[in-house]
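Per-entry structural report
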2 protein chains.
Amino acid sequence: MYETRFIARLLLNKYSGDDMGNIREVAKLAGVSVTTASRVFNGHPYVSEEKVKAVMEAAEKLNYTKNINAVHLSKGRTNSVGIVLPFLHLPYYGEWLHGLAEEAIKEGISLQVFQTNYQKKAEIDALQSLKSRQVDGLIIVSRINEIEVISAFREDGPIVLCEKIEQGFPSVYIDHYQAFQTALETLREKGHQSIGLCIHRKTGTNSIERIQAYRDSLKKFKMDLNEEWIFTGCYTINDGIRVMNEWEKLKNRPTALLATSDQVAAGIVSEAKKAAIDIPGDLAVMSCDNHPISELLDITSIHIPVKEMGRRAFKLFIRSLDGEDNVREKLETNIFMRSTI
Amino acid sequence: MYETRFIARLLLNKYSGDDMGNIREVAKLAGVSVTTASRVFNGHPYVSEEKVKAVMEAAEKLNYTKNINAVHLSKGRTNSVGIVLPFLHLPYYGEWLHGLAEEAIKEGISLQVFQTNYQKKAEIDALQSLKSRQVDGLIIVSRINEIEVISAFREDGPIVLCEKIEQGFPSVYIDHYQAFQTALETLREKGHQSIGLCIHRKTGTNSIERIQAYRDSLKKFKMDLNEEWIFTGCYTINDGIRVMNEWEKLKNRPTALLATSDQVAAGIVSEAKKAAIDIPGDLAVMSCDNHPISELLDITSIHIPVKEMGRRAFKLFIRSLDGEDNVREKLETNIFMRSTI
DNA sequence: CTGAAAGCGCTAACAC
DNA sequence: GTGTTAGCGCTTTCAG
């Protein structure tokens, strides 16, 4: 049996690591038990100096490295976390991941990234990876499946959400309702009575909150409401350009646009310039994130501490592992006034 | 023994999946052998209809999910690949990952991301994860360690590089030397005799190639050379702003700047505008990547198919797994002429 | 301080 | 078609 398997691996896989011993071989060469060798590799106490040395030497000689998969199986965890997000090319998620990765490396936790493209199935694959113990937990930056679907995996491990969720999950979030209220109030004070919205999608906790704040504000101040003024699918610079073109075609135009992403606002502003539309004279623009590009183009933007969210989400994941699995953290926003409103 | 372990897990970890059976229990409940159950879960042939059904039902009843770590250990691979890159917040890498992730999901390969921050140690950790079999292979988008260090891990699994490397690794790359030559030639034709460089770093295959092209071109055309004109550490918009400020302080100023990133060029161009410096009159600017921001700001840029590189790198990884582990692919670039030169 | 041995849960060779 | 069983390589309990 040994033979067959060995030969098969040789044939199938040149990376069979044939020259890499396992802990048993190391132990044998060092003249100690497997237990002792294991202790040495894990820095456990109560091993004599000389045995430590013998084991280290044997390991060196055999070019030994732990097979981490065996460790994972034996320990029942993987020291890794899955990050679930829709798109990797949007600056928002890049920034977010950057913050998270900085924390994760400190804790020696590895990162498994699941780009869902907002496909339900892809997101469920990520959830499955929790159930199958590929990752110890999940951080869902943005989701597409209903919360009930997510909840079904709740018992399989910590799941951190990044939205204002009532209970059942640890989460880090922005009060988008409040932020939008403030933003709309600010625009109103500037004299805008008709305001349009550029938003990612109509679903999703964050989007729903934002739309709600929008509708509520309009009603409260008896401002104009027009379904045509809600532009969805707005993620990128190009989407902003598209919005600007649509705006131009509108018979009844809003005098201000509130976008949920700086990229979109950037597209709007630059396309406006090309079309000789005066910002903020003909159209005021305000966006979210306060990403460097907004400063660059001098776009008024609501600062969202994206990187910090990534960091916090990771910390919540860690706390969740320790049993504190219902913490919710709200992060603050503030408006950076610039020239586009 | 069973007892102790069980209780310990209950105490330590609420996510012990107590209600989740393993394949043995499923097999028992279904009244079949473990092998048969395994066959069912892996879609292997030669299992009778009824047994398939029995196994499926038992699995359902026990809320069974494969423990993927056991699979990994048993099979000797993990169906995952590690991506090594310095920074997750730079659009370049986001774009790159996006392309890669799209391919990976098709093949059911999961992504482990290693953000190194260009710290040698973090990069080595990634390499170790290959050796410890945490990932089946590595794609190094940009590295900081010497090639010899990487080579030492060559036998542990496929390692795909993204640079023009002589041999020993599969790789996908851009001929940066040629691209820069063309760019510099273009600037020269526009009458520029003194050209500055904004580059990531002085090391790294790609940077070295670019600097070499720079020096060679200057020499060839007897253009001015001034070490002060080489700005390093240029990655972001803010770095571009910094460069612009430094440029202004220069006694002897280059009349053109060639940047390796659109972000940097964007910073330069917008800061120039603030300082009432005419682009391209006082200073011509050209950059690399042709990221949407360059179109936005109408910056002349060398198009680099970043997303495609991500895709190709992944495909090379797959081919490498299949034994074709020395393929090198060159991707083409082309200049998008806009208003900054 | 040390070691024997029983797991962890799945795969697959081999025998029937 | 199906089942038995020996791995995969490490951790950890328990008994010295």
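So, how was this worked out
Residues numbered from 1 in each chain as written. Chains lettered and ligands numbered in written order. Predicted model: local features only at pLDDT ≥ 70, side-chain atom pairs only at ≥ 80, totals over all residues. Heavy atoms only, no water. Axes fitted to C-alpha atoms, helices over the stretch in contact; angles between N-to-C directions. Helix = DSSP H or I, 4+ residues; strand = E, 2+ residues; numbered from the N terminus. Parallel < 35°, antiparallel > 145°, perpendicular 65-115°, else oblique. Contact = heavy atoms within 4.5 Å. Nonpolar A, V, L, I, M, F, W, Y, C, P; charged D, E, K, R; others polar. Salt bridge = Lys/Arg side-chain N within 4 Å of Asp/Glu carboxyl O. Buried < 20%, exposed > 50% of the residue type's maximum accessible area, 1.4 Å probe, protein only. Core = buried A, V, L, I, M, F, W, Y, C linked by side-chain atoms within 4.5 Å. Buried area = accessible area lost by both parts, 1.4 Å probe. Polar contact = N/O pair within 3.5 Å; in protein donor to acceptor, adjacent residues only side chain to side chain. Least-squares fit on C-alpha atoms with pLDDT ≥ 70 in both. Near = heavy atom within 4 Å.

A look at the packing of helix 3 (residues 34-41) of chain B against helix 4 (residues 49-62) of chain B
All names here are of chain B. Across the interface, helix 3 lies against helix 4 with an axial gap of 10 Å and an inter-helix angle of 85°. The orientation of helix 3 relative to helix 4 falls into the category roughly perpendicular. Each of Thr 36, Ala 37, Val 40 and Phe 41 in helix 3 lies in contact with helix 4, whose residues at this interface are Lys 51, Val 52, Val 55, Met 56 and Ala 59. Each residue belonging to the contact of helix 3 with helix 4 can be placed in one class, and the counts come to 7 nonpolar, 1 polar and 1 charged.

A closer look at the pattern of salt bridges
For the structure shown, the criterion picks out 34 salt bridges over all chains. Arg 312 of chain A is the partner of Glu 308 of chain A in a salt bridge, and the nearest nitrogen-oxygen pair spans 2.7 Å. With Glu 308 of chain A and Arg 312 of chain A both in helix 14 (residues 306-321), this residue pair falls 4 residues apart, about one helical turn. The partner of Glu 329 of chain B in a salt bridge is Arg 312 of chain B, and the shortest N-O contact between them spans 2.8 Å. Within this pair, whereas Glu 329 of chain B is found in strand 11 (residues 328-331), its partner Arg 312 of chain B is found in helix 14 (residues 306-321), the two being separated by 17 residues in sequence. On the accessibility criterion, Glu 329 of chain B (18% relative accessible area) is buried. Exposure remark for Arg 312 of chain B: the relative accessible area of 27% places this residue in the partly exposed category.

Brief notes about the nonpolar core
Membership of the largest hydrophobic core comes to 156 residues, with the highest contact counts inside it found for Ile 83, Trp 96 and Ile 139 of chain A together with Ile 83, Trp 96 and Ile 139 of chain B. Look past the residues within four positions of Ile 139 of chain B in its chain and what remains in contact with it is Val 81, Gly 82, Ile 83, Val 84, Trp 96, Leu 100, Val 160, Cys 162, Ala 313, Phe 314 and Phe 317 of chain B.

Observations regarding the interface of chain B and chain A
When the parts of a complex come together, some accessible area is lost, and that lost area is often taken as the interface size. With 58 residues of chain B at the contact, the number on the chain A side is 58 residues. Both faces combined, the contact of chain B with chain A buries some 5000 Å², and carbon together with sulfur accounts for 54% of it. At the junction of chain B with chain A, the criterion picks out 0 salt bridges. Linking chain B with chain A are 12 residue pairs in polar contact (both at pLDDT 80 or more), by the criterion used here.

Concerning the relation of the copies chain B and chain A
Here chain B sits on chain A after a turn of 180° about the axis and a move of 0.0 Å along it, with an RMSD of 0.1 Å. What the superposition gives is, in effect, a two-fold axis relating one chain to the other. Judged by C-alpha distance, Gln 112 of chain B is the residue of chain B that lies nearest the rotation axis, at 2.2 Å. Interface overlap between copies is the fraction of interface residues in one copy that are interface residues in the other; for chain B against chain A it reaches 100%, indicating a shared surface.

Some words on the protein's contact with DNA strand D
Residues in contact with DNA strand D amount to 29 residues; listed here are only the nearest, Ile 23 and Tyr 64 of chain A together with Thr 35, Thr 36 and Ser 48 of chain B. Taken together, the sugar and phosphate atoms account for 67% of what DNA strand D places within 4 Å of the protein. Measuring from a phosphate oxygen of DNA strand D, one finds a side-chain N or O atom of Lys 66 of chain A at 3.3 Å. Here Ser 33 of chain B contributes a backbone N or O atom positioned 2.9 Å from a phosphate oxygen of DNA strand D.

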